[in-house]
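# Geometric and topological summary
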Amino acid sequence: MCGIVGAVADRQVQNILLEGLKRLEYRGYDSAGMAVLSADARLSRQRAVGKVAALEEKLQASGLRGHVGIAHTRWATHGRPTENNAHPHQSGDSLAVVHNGIIENYEILKADLEGQGYVFLSETDTEVIAHLMSREVSRHDDLLSAFQHVVDMLNGAYALAVTHADYPDQIVGARKGSPLVVGVGIDEAFLASDPLALLQVTDRFIYLQEGDVARLTVGGNIEIFNAGQSVERPSAIFEHGDGAVSRGDYRHFMLKEIHEQSQVIANTLEGRLGDRHVFTRILGAEADDLLAHVKNIQIVACGTSYHAGMVARYWLEKLAGIPTQVEVASEYRYREVVVPEGTLFVTLSQSGETADTLAALRYASQKGGYLASLAICNVPGSSLVRESDLTLMTQAGPEIGVASTKAFTTQLVALLLLTLALRHVRQGDDDVQARLVNALRELPRLITRGLALDSAIETMSAAFAEKHHALFLGRGTMFPIALEGALKLKEISYIHAEAYPAGELKHGPLALVDSDMPVIAVAPNDELLEKLKSNLQEVRARGGELFVFADEHVAINESEGVHVLRMPAVDDVIAPILYTLPLQLLSYHVAVLKGTDVDQPRNLAKSVTVE
Ligand code: AGP
């Protein structure tokens, strides 16, 4: 999704801004641009369609330089990805604006501005902000009060940064519904939509809150206001270090992140496992009392995070005996929901900034009647974390590949910890918890063994490269894993993939099965194995080619049209976490064979901050 970088310093900032844009490339974008103020307060701008490298060429050719500036990567919402629509947008020669999000009332504002003689050069909603700023700067004594006035006129979601030639020592920024952080430097200050953009210049950040407006001035002065009042916001050190955002020796971030899973799962478990049970304090000091009152759970999430929620539903009902509903946030937020008594409202999100998930949380808070809200999230300081009553952080570290991998498996781990904490609060110690705590302790080692299948899966992937469709099957907790496998394959290889609970096959999708439709099945040694085997027979009988990821001890053997890859034996409760790995690796290798842009697949964004 769109990215913002801004800087005010005594030194020249164009390279800092450019490096920031490169670090934001993973979020997905289709054009990029930069505007800076030179020492003699002249505003210069360059924009380019396509990759940041195209902008870099233009910047070099133009010799653009300055000590104050803003830059942007755009992911088209209003208007096509053209140079005219790329940010920064200007009004006249003095003022430039970058914007993430959507201005919902832009048509009314635009009509009004056109009536006053302003001429629009782009199809974007953002250009209204440029013209509004131009008008208000002429009516106010300083940039900040003009900006505050403009912000008050905007409906919708935004993170904004503005620079103006009449105020050559500052930039102003604001957030409402889209993330924006202030990077604290020594005698210099920065703005970005994601701290990762600024790790080359600082590791200290102020996470702006909803409705905050900030003014950054040369010399490193940072002022923050909310509703017109000056406010103090704490700064925090970004803990993961700059190394976490480099690819190292891996060809793609996605592959690196797949191979990090053993370590990040160990990190997510750290300090949370007792000898025979999960510590209930994983949700904070008062959690024992609150957890004891949970009678229902409502999970809300999008995409891959939604699939994690679907797995958790099986766990929460079976192991904690708590009725659980799971829904995609974009539906939940617009539905008239009935809230059963004692409902814990759980959101799942890697980024903590997904617009629909955040809106669902706000809808739930407004509606009331929930016991509490809990965010299971990977980004400390994100909107979801700040706005929830309780948090359970995954420790996946920064995830750069658009296709979510380690964030998903750490979400599963966190959800299993939550399940076991709820069971413990209800019935104290028991052997099931002791067994699963043990299995969780073993999990990082098991993940390493699972990842050792990488080259066998790479060989298998050749069978998919020329296919146009694929079908994934699983039963029980393996059904959401099949859904996740299908999502991964379509997301990065652009092969159309569907997933079904295997028992549904004969109710329709079996009609699709022929020798051109590879069928992938996940077959741990669980109580549904025999049922799954019958479903696989149904596929074979129709000439379908089977690719089965099966427990090393189950009797599913290789034969003509049946390819079996043996997985390490695993407790069937833990199996969904382990069986995710081969599906991630399969989609990765198929995408590499197809030559797609694995880390930044077409049309997609890492953090979906618009509806
Ligand atoms: C997964 O590979 C996706 N890119 C996507 O489905 C993602 O999981 C979804 O957009 C939700 O994101 P979140 O976890 O950051 O809220």
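Thresholds, definitions, all that
- Residues numbered from 1 in each chain as written.
- Predicted model: local features only at pLDDT ≥ 70, side-chain atom pairs only at ≥ 80, totals over all residues.
- Heavy atoms only, no water.
- Helix = DSSP H or I, 4+ residues; strand = E, 2+ residues; numbered from the N terminus.
- Buried < 20%, exposed > 50% of the residue type's maximum accessible area, 1.4 Å probe, protein only.
- Contact = heavy atoms within 4.5 Å.
- Areas by Shrake-Rupley, 256 points an atom, 1.4 Å probe, with all protein chains shown as cover.
- 1 Å grid on protein atoms, 1.4 Å probe; cavity = no way out; pocket = protein on both sides within 12 Å on 5 of 7 lines; lining within 4 Å.
- Points joined across faces, edges and corners; volume = space filled by probe spheres on them.
- Nonpolar A, V, L, I, M, F, W, Y, C, P; charged D, E, K, R; others polar.
- Near = heavy atom within 4 Å.
- Polar contact = N/O pair within 3.5 Å; in protein donor to acceptor, adjacent residues only side chain to side chain.
- Pairing = 2+ DSSP bridges.
- Axes fitted to C-alpha atoms, helices over the stretch in contact; angles between N-to-C directions.
- UniProt positions renumbered as here; feature names shortened; annotations may be inferred.
- Right-handed = clockwise from strand over helix to strand, strands pointing away.
- Salt bridge = Lys/Arg side-chain N within 4 Å of Asp/Glu carboxyl O.
- Core = buried A, V, L, I, M, F, W, Y, C linked by side-chain atoms within 4.5 Å.

### Quick word on the overall build of the chain
Along the backbone of the chain there are 18 helices and 25 strands. For the C-alpha atoms alone, the extent of the chain along its principal axes is close to 75 × 55 × 45 Å. Looking at the 611 residues of the chain, the share that counts as buried comes to 61%. Across the chain, every contact between residues at least 6 apart in sequence was considered, and the portion connecting residues at least 24 apart equals 71%. On the chain, roughly 22,800 Å² of surface is accessible, and the fraction owed to carbon and sulfur atoms is 47%.

### Some words on empty space enclosed by the protein
In total, this model carries two cavities of 30 Å³ or more according to the counting rule given. Considered as a void within the structure, the largest cavity measures approximately 70 Å³ in volume. For the lining of the largest cavity, a count of residues per class yields two nonpolar, seven polar and two charged. Taken together, Gly474, Arg475, Met478, Val522, Ala523, Pro524, Asp526, Leu528 and Leu532 form the lining of the second largest cavity. Among the residues forming the lining of the second largest cavity, the class breakdown is six nonpolar, one polar and two charged.

### Some points on the site of the ligand
With respect to spatial proximity, 14 residues lie near the ligand, and among them Ser305, Ser349, Ser351, Thr354 and Glu491 are the closest. A distance of 2.5 Å separates an oxygen atom of the ligand from a polar atom in the side chain of Thr354. About the coverage of the ligand: the protein hides 91% of its 410 Å² of free accessible area. For the shell around the ligand, the leading source of residues is helix α9 (residues 303-319), giving three residues.

### A few points about the sheet that holds strand β12 (residues 212-217)
The strand order across the open sheet built from seven strands is β5-β6-β7-β8-β12-β13-β14, with neighbouring strands paired in antiparallel fashion. The open sheet has two free edges, formed respectively by β5 (89-91) and β14 (229-230), since each of these has just one partner strand. Of the strand pairs in this sheet, strand β7 (residues 156-164) and strand β8 (residues 170-176) are connected by four bridges, and their pairing is antiparallel. When the sheet's bridge partners are listed, Val162 is paired in β8 with Val172. This element, helix α4 (residues 127-139), spans β5, β6 (95-103) and β7 of the sheet and lies at about 130° to β6. The strands that helix α5 (residues 143-153) touches are β7, β8, β12 and β13 (221-226); relative to β8, the one it contacts most, it runs at about 20°.

### Things to note about the UniProt feature "domain: Glutamine amidotransferase type-2" (unreviewed entry) in the chain
Annotation from UniProt places "domain: Glutamine amidotransferase type-2" (unreviewed entry) at residues 2-219. Annotated as 25% helix and 33% strand, the span residues 2-219 places its first and last C-alpha atoms 28 Å apart.

### Thoughts on the pairing of strand β21 (residues 469-474)
β21 sits mainly inside the fold: five of its six residues count as buried. Pairing geometry for β21 and strand β22 (residues 496-501), over six bridges, is parallel. Along β22, the bridge assignment pairs Ala470 with Ala497. Handedness of the crossover joining β21 and β22 through helix α16 (residues 478-493): right-handed. Of the strand pairs in this sheet, β21 and strand β23 (residues 519-523) are connected by three bridges, and their pairing is parallel. The residue bridging Leu473 from the neighbouring strand is Ala521, located in β23.

### Considering the pairing of strand β17 (residues 324-328)
Looking along a regular strand, one sees the side chains alternate between the two faces of the sheet. As paired elements, strand β16 (residues 296-301) and β17 share five bridges and run parallel to each other. When the bridges of β17 are listed, Ala301 appears paired with Val328. As a crossover connection, the stretch from β16 through α9 into β17 is right-handed.

### As for the UniProt feature "domain: SIS" (unreviewed entry) in the chain
Per the UniProt record, the feature "domain: SIS" (unreviewed entry) sits at residues 287-428 and 460-601. End-to-end, the C-alpha atoms of residues 287-428 are 15 Å apart, and along that stretch the chain is 47% helix and 20% strand.

### A short note on α5
What α5 keeps buried is the set Leu143, Leu144, Ala146, Phe147, Gln148, Val150 and Val151. Against α4, β7, β8, β12 and β13 lie the buried residues of α5.

### Concerning the pattern of salt bridges
What the rule picks out here adds up to 31 salt bridges. The residue Glu136 makes a salt bridge to Arg135 at a minimum N-O spacing of 3.0 Å. By relative accessible area, which is 2% here, Glu136 ends up buried. As a salt-bridge pair, Glu491 and Lys488 come within 3.7 Å of each other at their nearest N and O atoms. Of this pair, Glu491 and Lys488 both sit in helix α16, separated by three residues, roughly a single helical turn. Look at the salt bridges and you will find they share partners, linking Arg175, Glu210, Arg362 and Glu387 into a network.

### Points about the side chain of Ser587
Looking at the element boundaries, Ser587 is found in helix α18 (residues 575-594). Not counting chain neighbours up to four residues away, the residues in contact with Ser587 comprise Met254, Lys488, Leu489 and Ile492.

### Some details on the environment of Gly284
Take Gly284: it is sitting in the loop between α7 (261-269) and α8 (287-292). Put simply, Gly284 and Leu390 are 106 residues apart on the chain and 7.5 Å apart in space, counted from C-alpha to C-alpha.

### What about the nonpolar core?
Counting 90 residues, the largest nonpolar core has Phe472 and Phe549 as its most contacted members. If you look at the next biggest cluster of nonpolar residues, it comprises 32 residues, including Leu18, Leu21, Leu64 and Phe190.

### Quick word on unusual backbone geometry
Residues apart from glycine generally show negative phi values, whereas peptide bonds are mostly found in trans. In this chain, His87 is followed by Pro88 through a cis amide linkage whose omega measures -5°. By the secondary structure assignment, Pro88 is in the loop between β4 (68-74) and β5. Located in the positive-phi region is Tyr494, a residue other than glycine, with phi close to 65°. Within the secondary structure, Tyr494 sits in the loop between α16 and β22. Note on Tyr494: relative accessible area 26%, which makes it partly exposed. Although it is not a glycine, Asn603 adopts a positive phi angle of roughly 70°. Along the chain, Asn603 turns up in the segment after α18. Its relative accessible area of 63% is what places Asn603 among the exposed residues.

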